[in-house]
Amino acid sequence: MPPTITAFESSPDRGKGHARDMRVRWALEEVGQPYDVRLVSFSAMKQPAHLALHPFGQIPTYEDGDLALFESGAIVLHIAEHHGGLLPPEANARSRAIAWMFAALSTVEPPIVELGMAMLFERDRSWYAERLPSLQERVRIGLGELSRRLGKADWLDGAFSAGDLMMVTVLRRLNTSGLLDEYPDIAAYIARGEARPAFRRAFDAQLAVLKAGSCS
């Protein structure tokens, strides 16, 4: 039987592909692994059955036989370690790809998420205009450092890897922020990731859930 992942029954991003099951879908598509999807409502995410899989009541989760995982980074790493195509065979290059996965989640993503949450939920607060520039500057610092490292390369460290997969999904959250206009090399890097056939299949599969829900 193929593994089963969970995804939002009704995604808050309205089909933009930012929900974290997108990362897992993309990884599975890259390695050619079929998978099933179980859609979960917001209320079901907080029920005992789902909390047994994800103690924080979020998505995605991943079930394969007697293995159950949560956290998108852990799931993508598991997929990459058990299927060819997302981690280099050479030991040092493999370790560097994993380091880029951690960098995407631990260094690059937090200020991007903080900025996004402020833009979504804090626009009507009296202190929003004063706080926004500092949030944007934190993101710019990371983008500048990443831009210097990427240079003219297509990918972060040689061939496309799980590190690039995680980094692109994190950076895509900035697509409507305007900040990527200042970093055309990073915008091009994201576009290369989005152009991969496996990304398109994963994106279309996630978008199909929204379309099906809107028609029901």
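None of these values were measured; they are calculated from a predicted model. (Residues numbered from 1 in each chain as written. Predicted model: local features only at pLDDT ≥ 70, side-chain atom pairs only at ≥ 80, totals over all residues. Heavy atoms only, no water.)

**Some thoughts on the overall build of the chain**
Helix and strand content of the chain: eight helices and four strands. Mapped in sequence order, the helices and strands of the chain form the string β-α-β-α-β-β-α-α-α-α-α-α. Taken against the 2.2 N^0.38 rule, which gives 17 Å for 216 residues, the C-alpha radius of gyration of the chain at 18 Å falls within 12% of a compact globule. Of the contacts made within the chain by residues no fewer than 6 positions apart, 66% connect residues no fewer than 24 positions apart. (Helix = DSSP H or I, 4+ residues; strand = E, 2+ residues; numbered from the N terminus. Rg over C-alpha atoms; globule rule 2.2 N^0.38 Å. Contact = heavy atoms within 4.5 Å.)

**Considering the pairing of strand β4 (residues 67-70)**
Bridge analysis of strand β3 (residues 61-64) against β4 gives four bridges, and the strand direction is antiparallel. Each bridged residue has a counterpart across the sheet, and for Y62 the counterpart in β4 is L69. The loop that links β3 with its antiparallel partner β4 comprises two residues; one of these, G65, has a positive phi angle of about 65 degrees. (Pairing = 2+ DSSP bridges.)

**Re the packing of helix α5 (residues 128-150) against helix α7 (residues 184-194)**
Running from N to C, α5 and α7 point in directions that differ by 75 degrees, and their axes come no closer than 9 Å. One finds that α5 runs roughly perpendicular with respect to α7. Between α5 and α7, the contacting residues are L143, L146, S147 and L150 on the first element and D185, I186, Y189 and R192 on the second. Partitioned by chemical class, the residues of the contact of α5 with α7 number five nonpolar, one polar and two charged. (Axes fitted to C-alpha atoms, helices over the stretch in contact; angles between N-to-C directions. Parallel < 35°, antiparallel > 145°, perpendicular 65-115°, else oblique. Nonpolar A, V, L, I, M, F, W, Y, C, P; charged D, E, K, R; others polar.)

**A short note on helix α6 (residues 162-171)**
Of all ten residues making up α6, ten are buried, and the element is well covered by its neighbours. Among the residues of α6, those classed as buried are A162, G163, D164, L165, M166, M167, V168, T169, V170 and L171. Next to the buried residues of α6 lie α1 (21-31), α3 (72-82), α4 (91-121), α5 and α7. Two or three places before G163, at the opening of α6, S161 has a side-chain oxygen 3.0 Å from that residue's backbone nitrogen. (Buried < 20%, exposed > 50% of the residue type's maximum accessible area, 1.4 Å probe, protein only. Polar contact = N/O pair within 3.5 Å; in protein donor to acceptor, adjacent residues only side chain to side chain.)

**Examining a nonpolar patch on the surface**
The grouping of M117, L120 and F121 at the surface amounts to a nonpolar patch, some 350 Å² of accessible area in total. Structurally, L120 can be placed in helix α4. The class of L120 is exposed, set by a relative accessible area of 64%. (Patch = residues over 30% accessible without salt bridge, like charges linked within 9 Å, V, L, I, M, F, W, Y side chains within 5 Å. Areas by Shrake-Rupley, 256 points an atom, 1.4 Å probe, with all protein chains shown as cover. Salt bridge = Lys/Arg side-chain N within 4 Å of Asp/Glu carboxyl O.)

Treat this as a map of the structure, not an account of what it does.
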